[in-house]
Amino acid sequence: MNAPKAREYFSAYRDGSLDKGLKQALERKFQEDGLLRAEYQAFERALKELEGLKNQPIEVPIDLHERISARLDKHVYETKRSAKPGLVAWWRQLAYGGVAVVAIVGAVFAVKAVSGGGGSGASFLGNGGKVQRVRPNPVIVESAGKISVKFDAMPGSKVNLRDGMGGPIVETLDLDTAVEFELSNSSSNPSETVIEAADGTYLTTVVLPGSVKQDVPTGNGTVLDCAKAISAQFGVAVHIEGKPGDPADWSISGTNPVTSVTAKFQDKNASVVKLSDKLYRIR
Amino acid sequence: MSHSLSDDGVLIRRCQQGDRTAFDDLIRRHERRAYQYAFRLTSNPEEASDIVADAFIRIYNALQSFRSQSAFTTWMYRILTNCYLDLKKKERNRPTVSLESTMQTASGEVERQFEDPGEGPDVEVERFAREEKVQDALGQLPEYQRAMLVMYHVEMLSYEQIAEALDLPLGTVKSRLNRARLSLRELLVRDEELFVIE
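Reading the values: the criteria
Residues numbered from 1 in each chain as written. Chains lettered and ligands numbered in written order. Predicted model: local features only at pLDDT ≥ 70, side-chain atom pairs only at ≥ 80, totals over all residues. Helix = DSSP H or I, 4+ residues; strand = E, 2+ residues; numbered from the N terminus. Buried ≥ 20, exposed ≤ 12 C-beta atoms within 10 Å, placed from the backbone. Contact = placed C-beta atoms within 7 Å. Nonpolar A, V, L, I, M, F, W, Y, C, P; charged D, E, K, R; others polar. Pairing = 2+ DSSP bridges. Core = buried A, V, L, I, M, F, W, Y, C linked by C-beta atoms within 7 Å. Axes fitted to C-alpha atoms, helices over the stretch in contact; angles between N-to-C directions. Parallel < 35°, antiparallel > 145°, perpendicular 65-115°, else oblique.

Asker: What is the right way to look at the overall build of chain B in this model?
Answerer: In terms of regular secondary structure, chain B is built from 8 helices and 2 strands. Looking at the 198 residues of chain B, the share that counts as buried comes to 37%.

Asker: Would you take a moment to explain the interface of chain B and chain A for this structure?
Answerer: By a frequent convention, interface size equals the accessible area lost on bringing the separate parts together. Each partner contributes residues to the interface: chain B has 48 residues there, and chain A has 44 residues. For the side of chain B that touches chain A, the secondary-structure elements that each account for two or more residues are α2 (20-42), α3 (45-62), α4 (72-93), β1 (102-105), α5 (122-140), α6 (143-154) and α8 (170-189) of chain B. Broken down by element, the residue count for the side of chain B that touches chain A peaks at 11 residues, all from α3 of chain B. Looking at the side of chain B that touches chain A, its residues break down into 25 nonpolar, 10 polar and 13 charged.

Asker: Can you walk me through the pairing of strand β6 (residues 191-197) of chain A in this structure?
Answerer: Consecutive side chains of a regular strand alternate in pointing toward one face of the sheet and then the other. Taking burial as the measure, the 7 residues of β6 of chain A include 7 buried ones, the bulk of the element. Hairpin connection between β6 of chain A and strand β7 (residues 202-208) of chain A: a loop of 4 residues separates the two successive antiparallel strands, and Gly200 of chain A in this loop has a positive phi of roughly 95 degrees.

Asker: Even after reading the chapter, I still don't get the pairing of strand β4 (residues 169-174) of chain A, so can you show me in this structure?
Answerer: Note: strand β3 (residues 158-163) of chain A against β4 of chain A, 5 bridges, orientation antiparallel. For Val159 of chain A, the partnering residue across the bridge sits in β4 of chain A and is Leu173 of chain A.

Asker: Honestly, the environment of Lys268 of chain A in this entry has me stumped. Any pointers?
Answerer: Residues and elements named next belong to chain A. Position of Lys268 relative to the elements: it lies in strand β12 (residues 268-269). A tally of 11 C-beta atoms within 10 Å means that Lys268 is categorised as exposed. For the pair Lys268 and Arg283, spaced 15 residues apart in the sequence, the C-alpha separation amounts to 9.6 Å.

Asker: Explanation requested: the nonpolar core in the structure shown.
Answerer: Generally speaking, nonpolar side chains in soluble globular proteins are found buried as a group. Grouped together as the largest cluster of nonpolar side chains are 98 residues, with contacts concentrated most on Ile230 of chain A together with Ala38, Val52, Ala55 and Leu80 of chain B. The dominant element in this core, judged by the number of residues it contributes, is α3 of chain B, at 10 residues. If sequence neighbours within four positions are ignored, Ile230 of chain A has contacts with Val238, Ile252, Pro257, Val261, Val272, Tyr280 and Ile282 of chain A.

Asker: What is the right way to read the packing of helix α4 (residues 34-52) of chain A against α6 of chain B from this model?
Answerer: When two helices pack together, you describe them by how their axes are tilted relative to each other and by the distance separating the axes. Axis separation between α4 of chain A and α6 of chain B bottoms out at 9 Å; the angle between their running directions is 75 degrees. Taken together, the axis directions place α4 of chain A and α6 of chain B in an arrangement best described as roughly perpendicular. In this structure, α4 of chain A uses Leu47, Leu50 and Glu51 of chain A to contact α6 of chain B, whose residues at the interface are Leu149, His153 and Val154 of chain B. Residues belonging to the contact of α4 of chain A with α6 of chain B are distributed by class as follows: 4 nonpolar, 1 polar and 1 charged.

Rendered as structure tokens:
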């Protein structure tokens, strides 16, 4: 046993999980090699010191709970506001719209009075009444077997792609211009990409198949689990329309995802829609 | 502080039915442990508080999909670790360090990072110095290694729980932890006064 190999066994030796033969070989090595023995002793001391940290008191800020609650309240408020404009926002929008209409109509009449032309103001009115979209709208597409998410340009907006529910952000997309981003999954199992707005508002979820097909013919859990089962069984991507965490029961029998899947989400019959050979949607 | 799984399970089910008071109880139950873990990773009270707040927002958003097959605390460690890694990723883009970090305690606002050990007994001073060295060494390790070492040796999570929290195979957790421990030893033996090689 050489020194680098011996170091690989330091942890297992300390845990007592090294098998008998290796343990004896390592102990023989310690007897022969004083430097390695000293290294192991330093290794043990380092871990002992590290473990001492658990006795070190850490004072928790007295306002921690208030800080968490305040951040959460803000998040919940902003999520609700961006999801559905309230009555006040609606009235405000209407009032601004009215002012804009009056201004535009006034301008049109002024132009008419000067030019004497017979042009219509309808297009101005149409633009004045247009409601701005408040959240980015992800569109999931497939091209040559590759799954991508597309966004129209929304200057000043960003979206985050997360590796799984509550997982790390793997990509932040700037929507100053229209964006198309290819999604990928290098693991053997299906995995989900969660797409959310920069403020954390949930937008949608896409499950991408892993490299290995697996049979998961029946099951119960969540909509996300059902999407993963379809993805694993047929080797296709599944776009989840709706809440991935809602309860779901499913059974799969056959080779065509559209006709083979029988599923219930929250007491409603779910349907699988084919978007392309490699991309399906469940709702 | 220990909590039974069933207590968490009841609270989580109530949260999933839209009971916000239950979520508040869940925060109260776990915020202390969450903060201590975050603080051990960052050594910075402001960052630790931000990580904990971010983590509870993510938990709130994802709670509908939580299925109680693993312990809530394991899931919480996973989300806290991800929040910490995200924060460090953002920091790499704007590398600034605050020297003004303060925290509110029952006795008012105090500086946390650069605390003076004061005129205590020699033993206390030496213990404090050793803890500082260990904390400094931890701070020099890659973030992932730091998180694993703190989870195992300070938070006392098992290899299995770490594997679940970090979504890694058990063997990978063991080999990465061994590398992390060797790296920690490397950093600590440089301080010969505190870690004399026998």
